[in-house]
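The chain contents come next:
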Amino acid sequence: METRQEVQARSGHLRKACHSCIRAKRRCDKSLPSCRRCVDKEVPCEYPSTRPYARRKPPQPPNLASESPAEKVADLVSLEETSDAVPSTSQLSWDDECIPQSWLHPAVHGQDHDSDAITPLPLADSDWFLKSDSWSVHEYDLAGLQPRISVSHWKRYVECLRRWLSQWVADSHCPFIHRHLYAETGLPSCLQDAYSTLAAYIGKTDNNEEVVMQIVEDKANALLRQHETSACSLSTESWGIPGSVSAACSIRERLARVQALFIYQFIRLFDGDIRHRAQAEQHNVTLQQWRMQLWEATKLAAYLRQTVGGGGGFSSTGSYDACEPTTWIWEAWVLAESVRRTWIVVNYTHSVYETLRDGQGSCPGSITYTLRRGLWDAMTPAEWCRLAHSQDPLFMRSDPPDVLFAKASPREVNEFGLSIVSIMWDSRRIDSWFTKAPDTNLEELLRNKF
C-alpha cells in the first residue's frame with residue numbers, strides 16, 4: 001500500500017493542505033500523519049486525494065426500465081430493503097471542527113449490541129434522520145412487559161397527553177406538535193378546527209358540556225367525510241412509472257389530518273362519556289390507517305430526497321435549500337421528527353387504551369426518534385445545530401432499555417422520551433436508571449421541574 005508521501009509525490013497536482021484547514025481557511029503546515037492545527041483542535045486530519053469541493057456525480061434513481069409498474073412502486077416504497085443502495089448525502093458544508101472526534105470514529109466500549117439496536121449516526125452525515133434504516137418498525141413483546149408495568153404508568157401517560165394538548169392550545173407548541181411545523185404554510189384548516197374545538201373542550205363547564213361534546217362529534221365526522229374520498233398523490237412520471245404513488249408531496253397535509261383526528265379521538269375515548277367512547281372506537285381503524293399511510297409517504301419522501309436530491313415532502317418550505325443548508329436541515333428534521341412522534345403518540349395511545357380497557361393491549365412496535373433534551377425546543381436553526389453538533393442527539397429507540405441506560409442519564413432525555421420510557425420499561429429498570437439522577441424523579445422531569 002502506498003504511503004501518503006508516495007501518493008502526493010506521484011500526484012503533484014493534488015491539493016496538499018488537509019480538509020479541515022481548507023474548510024477553515026487556515027494555513028496548514030502539512031505535517032504527517034496530522035498537521036499541527038488538527039492536533040491542537042483534536043479533529044481528524046485527512047489529506048485529499050481529490051479536490052474537496054470537486055463536483056460529484058449525482059446519485060441515480062433505481063433502474064426501473066425492465067420492471068413492471070407494480071414492481072417499480074414496490075421498489076420505491078419498500079425502503080427497509082434498500083439501505084445498502086441509498087448513498088450518503090453528506091455534501092452540505094458542515095465544519096469538521098464542530099464535530100467531536102468520537103462522533104466520526106465511534107468506539108464500542110465493551111458492550112455487545114444486537115443487530116436491532118440502532119446506534120445514533122455521526123453528524124458528519126448531515127441528514128442522519130432521513131437514512132433508510134431509521135424508518136424501520138421493530139416489533140417487541142409487549143405482553144412480556146405488561147405484568148411489571150403498573151396501571152399508574154398507563155394513567156400517567158394519559159395525563160401527559162392531556163397536559164401536552166393544553167400546552168399546544170396555550171403555546172402553539174407541545175412535545176408532538178412543533179411550533180415551526182406549520183409556520184411557513186399556516187395551520188391547515190383541519191387543525192384549525194381541532195385547535196378551536198380543543199380550546200372549547202378544555203374550557204367546558206357542566207352548563208355547556210353537551211354543546212361542546214356535540215361540537216367535538218360534528219368536527220370529527222366532518223374531518224372523516226372530507227378525507228373519505230380525497231386523494232393526494234406524487235407523480236412518478238419522471239422515474240418512468242406511469243401514474244402516481246401515494247402522496248409524499250403532501251406530508252404536512254397528511255400529518256395535520258392524523259393529528260386532528262387523534263385530538264378528537266383522545267377527547268372522546270378518555271372523556272368518560274359512554275356514547276362518545278363507543279363512536280370513537282369505530283373510528284380507531286381509520287386513524288390507524290391514516291397513521292400507516294403517513295409513515296409510508298414519509299419513507300418514500302426520505303428515499304427520494306436521498307436518491308434524487310429533492311422532491312417528495314422534504315423540500316424546504318422557504319428558499320433555504322441551497323443557500324442556507326442549516327435552515328433546511330432544521331426544517332427537515334422538524335418535519336421528520338413530527339411524523340415520528342405523531343406515529344408514536346397515535347400508536348401507543350391506542351395500545352394504552354386497549355390495556356386500560358381490556359387488561360392487555362396490542363404490540364405497538366418501536367421506531368427511532370430523537371431523545372436528547374433541548375433539540376425539540378430549540379428556537380432557531382443555529383441553536384438546533386449547535387446542540388446537535390455538541391453531543392449525541394440520542395437518535396434511537398427506547399428499547400431495549402440497556403442501550404439508553406448506557407448512553408444517557410434521565411436528565412439528558414426529553415419529556416417525550418421519558419413519557420414513552422415510562423410505559424415501555426418496568427418500575428425496577430426505571431428506578432435503577434434514576435440512580436444516575438439522584439436529585440430528581442420521573443414526575444419532575446416529565447413536567448420540566450428541574
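Our structure's up above, just so we're on the same page.
Just so it is clear, the structure is predicted and the values come from calculations on it, not from any experiment.

**Student:** How do you make sense of the side chain of His178 when you look at a structure like this?
**Tutor:** Of note, His178 is situated in the loop between α6 (151-171) and α7 (189-202). On the accessibility criterion, His178 (2% relative accessible area) is buried. Polar contacts involving the side chain of His178 include one to the main-chain carbonyl oxygen of Trp376, which spans 2.9 Å. Setting aside its immediate chain neighbours within four residues, His178 contacts Ser172, His173, Trp330, Val334, Ser338, Trp376 and Ala378.

**Student:** Please explain unusual backbone geometry as it appears in this structure.
**Tutor:** Glycine aside, negative phi is the norm for most residues, and most peptide bonds take the trans geometry. Positioned with a positive phi, Ser172 is a non-glycine residue whose angle comes to about 60°. Considering the arrangement of structural elements, one finds Ser172 in the loop between α6 and α7. Look at Ser172 and you get partly exposed, because its relative accessible area is 41%.

**Student:** Explanation requested: the pattern of salt bridges in the structure shown.
**Tutor:** Charged atoms that come close allow side chains of opposite charge to pair. Enumeration according to the criterion identifies 13 salt bridges in this entry. Ionic pairing is found between Arg36 and Asp40, a salt bridge with its closest N-O pair at 3.4 Å. Pair noted here: Arg36 and Asp40 are both in helix α3 (residues 36-41), with a separation of four residues, about one helical turn. The pair formed by Arg36 and Asp40 is uniform in burial state, with each residue classed as exposed.

**Student:** Would you mind going over the packing of helix α11 (residues 325-358) against helix α14 (residues 415-424) with me for this structure?
**Tutor:** A pair of packed helices is captured by two measures, namely the crossing angle of their axes and the spacing between those axes. Contact geometry of α11 with α14 gives a least axis separation of 12 Å together with a crossing angle of 30°. When the interaxial angle is binned, α11 and α14 end up roughly parallel. For α11 against α14, the interelement crossing comes out left-handed. Here Arg341, Ile344, Val345, Tyr348 and Val352 of α11 come into contact with α14, specifically with Phe416, Ile420, Ile423 and Met424. Residues of the contact of α11 with α14, tallied by class, amount to eight nonpolar, no polar and one charged.

**Student:** Where do I start with the packing of aromatic side chains in this structure?
**Tutor:** Two measures describe an aromatic ring pair: the distance that separates the ring centres and the angle between the ring planes. Inspection of every chain in the model, using the stated rule, returns 16 aromatic pairs. Relative to Phe129, the ring of Trp128 lies with its centre 5.4 Å away and its plane at 85°, an arrangement referred to as edge-to-face. When sorted by exposure, Trp128 lands in the same class as Phe129, which is buried. A centroid spacing of 5.2 Å and a plane angle of 70° characterise the contact between Trp128 and Phe395, whose relative ring orientation is edge-to-face. Taken together, the residues Trp128 in the loop between α5 (101-104) and α6 and Phe395 in strand β4 (residues 395-396) connect sequence positions 267 residues apart. Just as Trp128 is buried, Phe395 falls in that class too. An aromatic cluster is defined as three or more aromatic residues linked by ring pairs; in this entry it consists of Trp128, Phe129, Trp333, Trp376, Trp384 and Phe395. Of note, Arg340 hangs over the ring of Trp135, and the distance from its end group to the ring centre comes to 3.8 Å. Against the face of Trp376 rests Arg341, its NZ or CZ located 4.2 Å from the ring centre.

**Student:** How should the environment of Ser419 be read in this particular structure?
**Tutor:** Its location among the elements puts Ser419 in helix α14. Residue classification places Ser419 among the buried positions, given a relative accessible area of 0%. Along the sequence, Ser419 and His153 sit 266 residues apart, while their C-alpha atoms lie 9.1 Å from each other.

Calculation criteria
- Residues numbered from 1 in each chain as written.
- Predicted model: local features only at pLDDT ≥ 70, side-chain atom pairs only at ≥ 80, totals over all residues.
- Heavy atoms only, no water.
- Helix = DSSP H or I, 4+ residues; strand = E, 2+ residues; numbered from the N terminus.
- Buried < 20%, exposed > 50% of the residue type's maximum accessible area, 1.4 Å probe, protein only.
- Polar contact = N/O pair within 3.5 Å; in protein donor to acceptor, adjacent residues only side chain to side chain.
- Contact = heavy atoms within 4.5 Å.
- Salt bridge = Lys/Arg side-chain N within 4 Å of Asp/Glu carboxyl O.
- Axes fitted to C-alpha atoms, helices over the stretch in contact; angles between N-to-C directions.
- Parallel < 35°, antiparallel > 145°, perpendicular 65-115°, else oblique.
- Left-handed = near helix turned anticlockwise from the far one by under 90°.
- Nonpolar A, V, L, I, M, F, W, Y, C, P; charged D, E, K, R; others polar.
- Phe/Tyr/Trp six-rings, centres within 6.5 Å; stacked < 30°, edge-to-face > 60°.
- Lys NZ or Arg CZ within 6 Å of the ring centre and 35° of its normal.

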